[in-house]
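Understanding the architecture of this molecule
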Amino acid sequence: MLYFFQQLLNGVHSAAIYGLLAFGYALGNALLKRTNLAYGGIFAFSGQTMILAAVYGWQVLRLTLPATIAFGISIALAYAAFFSRLLSRAVFVPLAGRSPNAIVTATLGALLVLMEFSRIAADTHDYWLPPMLSTPVVLSSGDNFVATLTVIQLINTVIAATVIISGAFWLGRSNFGRYWRATADDPLAAKLCGIDTARVFHRALLIGGLCAGLAGVLAASYYGNLGFGSGLVYGLKILFVTAVGGYYAPGRAALGAAGFGFAEALWAGYFPIEWRDAWMYALLAAMLVLTGDRKDAPNSV
């Protein structure tokens, strides 16, 4: 049972990252209703930018380690906000009323651009952060086995869970949440009722992009590196993972994605890890085929 508990703990951090990514993706997808492959690019680009900015702060600005990490986080989130706003105005608005393939193609191009920006900025090198807050915290112990999480895992999980819970509460209680639900349900009717649907659209995509940027920062701080080539992998993975809870309800999307993170950890603990992604993708594909692309009510967060 301790081994099983440890495998669940191993999935806590992944579940938090997936949940945060799914929450932000569903927030924008409920309005866009198109596949956004650039979302994974913002995630990977933000993590890579955080590392590069931290390296610059350490080597050039001679900042202390806490200061250089804070500098890297601020630069990464600023870039995430910039690219989210740029995509919403220059890509999504002009193409929103056209074929879904137009959005897929455009966001794939944006994803490749972000990946190339990261590669050029890093000069095709991988930079690593030093291990931070890696002290294990014992949560349970037995005769010859202890179940632990590191301090950085606990901090990242608390941050992600706080953002998701507070975000879901905010969507359920705020004026913006009501405007968002109305726009997601029927944008024309919402506009006739006096809602500034364009403002709601841009704001939702901005918040979703910041969720992706924050997830990239948390992943980079834990793993120490987030390669510039991981944007495409995560872009596709987020698309599938969000489907577990539903594309149109951010709160449920986050819960479903968290469940996927725990399932991945349990597979890695009991079955060959080289088959993990193949079987998990097969499970998600089967789920999509059996349930269909169900349009969850956007007023359910």
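Rules used in this analysis
Residues numbered from 1 in each chain as written. Predicted model: local features only at pLDDT ≥ 70, side-chain atom pairs only at ≥ 80, totals over all residues. Heavy atoms only, no water. Helix = DSSP H or I, 4+ residues; strand = E, 2+ residues; numbered from the N terminus. Rg over C-alpha atoms; globule rule 2.2 N^0.38 Å. Areas by Shrake-Rupley, 256 points an atom, 1.4 Å probe, with all protein chains shown as cover. Lys, Arg positive; Asp, Glu negative; His and termini not counted. Charge placed at Lys NZ, Arg CZ, Asp CG, Glu CD. Core = buried A, V, L, I, M, F, W, Y, C linked by side-chain atoms within 4.5 Å. Buried < 20%, exposed > 50% of the residue type's maximum accessible area, 1.4 Å probe, protein only. Contact = heavy atoms within 4.5 Å.

The secondary structure content of the chain amounts to eleven helices and two strands. If you list the helices and strands of the chain from N to C, you get α-α-α-α-β-β-α-α-α-α-α-α-α. Here the chain has a C-alpha radius of gyration of 19 Å; the compact-globule value for 301 residues is 19 Å, and the two agree. C-alpha atoms of the chain, sized along the principal axes, occupy 65 × 50 × 35 Å. Of the roughly 14,300 Å² that the chain leaves accessible, carbon and sulfur atoms contribute 67%. Measuring between centres, the 18 positive side-chain charges of the chain sit 13 Å from its 12 negative side-chain charges.

Only a minority of non-glycine residues have a phi that is not negative, and only a minority of peptide bonds are not trans. Unlike most non-glycine residues, Lys 33 shows phi in positive territory, near 55 degrees. Residue position: Lys 33 is located in the loop between helix H1 (2-32) and helix H2 (38-59). For Leu 133, which is not glycine, the phi dihedral falls at a positive 50 degrees. Along the chain, Leu 133 falls in the loop between helix H4 (100-121) and strand S1 (136-141).

Moving on, we get to the nonpolar core. With 71 residues, the main nonpolar core has Leu 20, Leu 21, Phe 43, Met 50, Phe 92 and Trp 180 as its most contacted residues. A total of 13 residues in this core trace back to one element, the largest contributor, which is H1.

You can see Leu 111 is positioned in helix H4. Leu 111 sits in the buried class, given a relative accessible area of 0%. Residues Leu 111 and Gly 231, spaced 120 residues apart in sequence, show a C-alpha to C-alpha distance of 6.9 Å. Contacts of Leu 111, omitting those with residues within four sequence positions, involve Leu 37, Ala 38, Gly 40, Gly 41, Gly 231 and Leu 232.

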